[in-house]
Amino acid sequence: MKFFMGILLAVALVVMAFCMAATHFKKHNLKRLIQIMLSIAILIVFNYEIVLFLKNEQGNLLAHSVYFIATDWMLYCMLQFSIEYSGSNFDQFVKRKLMLLLLFADSVSLLLNTKFCHLFRLHPVTRYHGEHFYAMEATPFFYVHYFIIIMLVTFCLTSLFYRAFHMPRFYRTKYLTIAIIMVIIVIANIFSFKQAIDFSIIGYALEGIALYQCVLIFTPQRLLQKTLMAISQDMPVGLIVLDIEGEVLYSNCLARDLLNADSPLSNKHGVPFREWCREQYFSKAENTTQDYTFYRHAEKTILNIQFELLRDARGKLQGGYFVIYDRTEEINKMQEERFLATHDSLTGLYNKN
């Protein structure tokens, strides 16, 4: 079990270290706070790796104290994050100076525990087919520390859940994800903090990764995607995006009318517009802009179509897109003006010019 837990925590450390490095290149007003929380989560997980394999009792006492201190400050940062990230007025109910004073006092008390053991003691136990661990035996004073933890968790969850149910559905996911992971951590900690292995440690790693993903990756990308899609729907031109196989990945309102299966456009050879797009995608080796004539029943439609290939940084083809502008009315008007300029209005014959 020690080996399995050690591998699991090592993987979590690698993932969190990657998130920590990637955060450096992000631009966000909460970037610094997320970096601090990732750092503390890394400290918690790394410290517990030491707890698992350290055989010295005094060293284990110190490692346990560091773990509890890091948990205090991780939850305080989570509280600060939940208030600032949610933008709620919950800050007026939190006396930060008093809370900081409590946390400093608790941190000092936990460090002194390595000498006086007034909060908890450790005793050797054998679990999981003969593996040796140090199990924790809490004293009544330990529950002062636990009260501080529960208070911080309660404030965090209240702020996150309040904001989650007062925001549009799009934003609700990120608040609920962070809040639910916190609930899982608390439940796991309640049932395992006195056991040989504290499985709630994995929760801290998940919380750090979730913060990075929800705040810096998932939400901005989803919001950007939804915004661009909303903008493209109202564009005065048609937009068709194809994947690498030439299948239509996305089309806006105007483009969907051209691709309409009930009465699709087709060229003079009777090729439907969707198939024509696939043919153009596979036959074009470079970007082009050109006028094309299509027909819907007997009605002629003239489209100016700009075709662009999408390539990655190494020049590999990723897909392509068509930007389509309907020039039928414009060209018909130009032809009518040209006719009136060169023909007699009564006879329809060429005039002197």
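Calculation criteria
Residues numbered from 1 in each chain as written. Predicted model: local features only at pLDDT ≥ 70, side-chain atom pairs only at ≥ 80, totals over all residues. Heavy atoms only, no water. Axes fitted to C-alpha atoms, helices over the stretch in contact; angles between N-to-C directions. Helix = DSSP H or I, 4+ residues; strand = E, 2+ residues; numbered from the N terminus. Parallel < 35°, antiparallel > 145°, perpendicular 65-115°, else oblique. Left-handed = near helix turned anticlockwise from the far one by under 90°. Contact = heavy atoms within 4.5 Å. Nonpolar A, V, L, I, M, F, W, Y, C, P; charged D, E, K, R; others polar. Pairing = 2+ DSSP bridges. Phe/Tyr/Trp six-rings, centres within 6.5 Å; stacked < 30°, edge-to-face > 60°.

Participant: I tried to follow the packing of helix α1 (residues 2-23) against helix α2 (residues 31-53) on my own but got confused; where do I start?
Facilitator: The angle between the axes and the distance between the axes are what describe a pair of packed helices. Axis separation between α1 and α2 bottoms out at 10 Å; the angle between their running directions is 160°. On the basis of their axis angle, the class for α1 and α2 is roughly antiparallel. Like other packed secondary-structure pairs, α1 and α2 cross with a definite hand, here left-handed. For the pair formed by α1 and α2, the contact residues are Lys 2, Met 5, Gly 6, Leu 9, Ala 10, Leu 13, Met 16, Ala 17, Cys 19, Met 20 and Thr 23 on the first element and Lys 31, Gln 35, Leu 38, Ser 39, Ala 41, Ile 42, Val 45, Phe 46, Tyr 48, Glu 49, Leu 52 and Phe 53 on the second. Each residue belonging to the contact of α1 with α2 can be placed in one class, and the counts come to 16 nonpolar, four polar and three charged.

Participant: Would you explain the side chain of Ser 251 in this entry?
Facilitator: With respect to the helices and strands, Ser 251 occurs in strand β4 (residues 248-251). Look past the residues within four positions of Ser 251 in its chain and what remains in contact with it is Gln 233, Leu 239, Ile 240, Arg 256 and Leu 259.

Participant: Whenever I open this one, the pairing of strand β6 (residues 299-311) confuses me. Can you help?
Facilitator: Note on strand geometry: in a regular strand, side chains alternate between the two faces of the sheet. Relative to β6, strand β5 (residues 288-296) runs antiparallel, the two sharing nine bridges. Paired with Arg 296 across the bridge in β6 is Glu 299. Between β5 and the antiparallel strand that follows it, β6, lie two residues; His 297 among them carries a positive phi value of about 60°. Bridge analysis of β6 against strand β7 (residues 317-326) gives nine bridges, and the strand direction is antiparallel. Note that in β7 the partner of Ile 305 across the bridge is Ile 324.

Participant: Can you help me understand the packing of aromatic side chains in this one?
Facilitator: How two aromatic rings sit relative to each other is given by the distance of their centres and the angle of their planes. According to the stated counting rule, one finds 18 aromatic pairs in the structure shown. Taking the centre distance of 5.0 Å and the plane angle of 70° together, the rings of Tyr 281 and Phe 282 count as edge-to-face. With a centroid separation of 4.8 Å and an interplanar angle of 35°, the aromatic rings of Phe 307 and Phe 322 are classed as tilted. One end of the pair, Phe 307, is in strand β6; the other, Phe 322, is in strand β7, and 15 residues separate them in sequence.

Participant: Any chance you could explain the sheet that holds β7 here in plain terms?
Facilitator: As summarised here, the arrangement of the five strands in space is β4-β3-β7-β6-β5, forming an open sheet in which the pairing is antiparallel. The sheet is open, and its two borders are formed by β4 and β5, each paired with just one other strand. On average, adjacent strands in this sheet sit at an angle of 25° to one another, irrespective of strand direction. Each of β3 (238-242), β4, β5, β6 and β7 is contacted by helix α9 (residues 273-283), which is oriented at about 130° to β7, the strand it contacts most.

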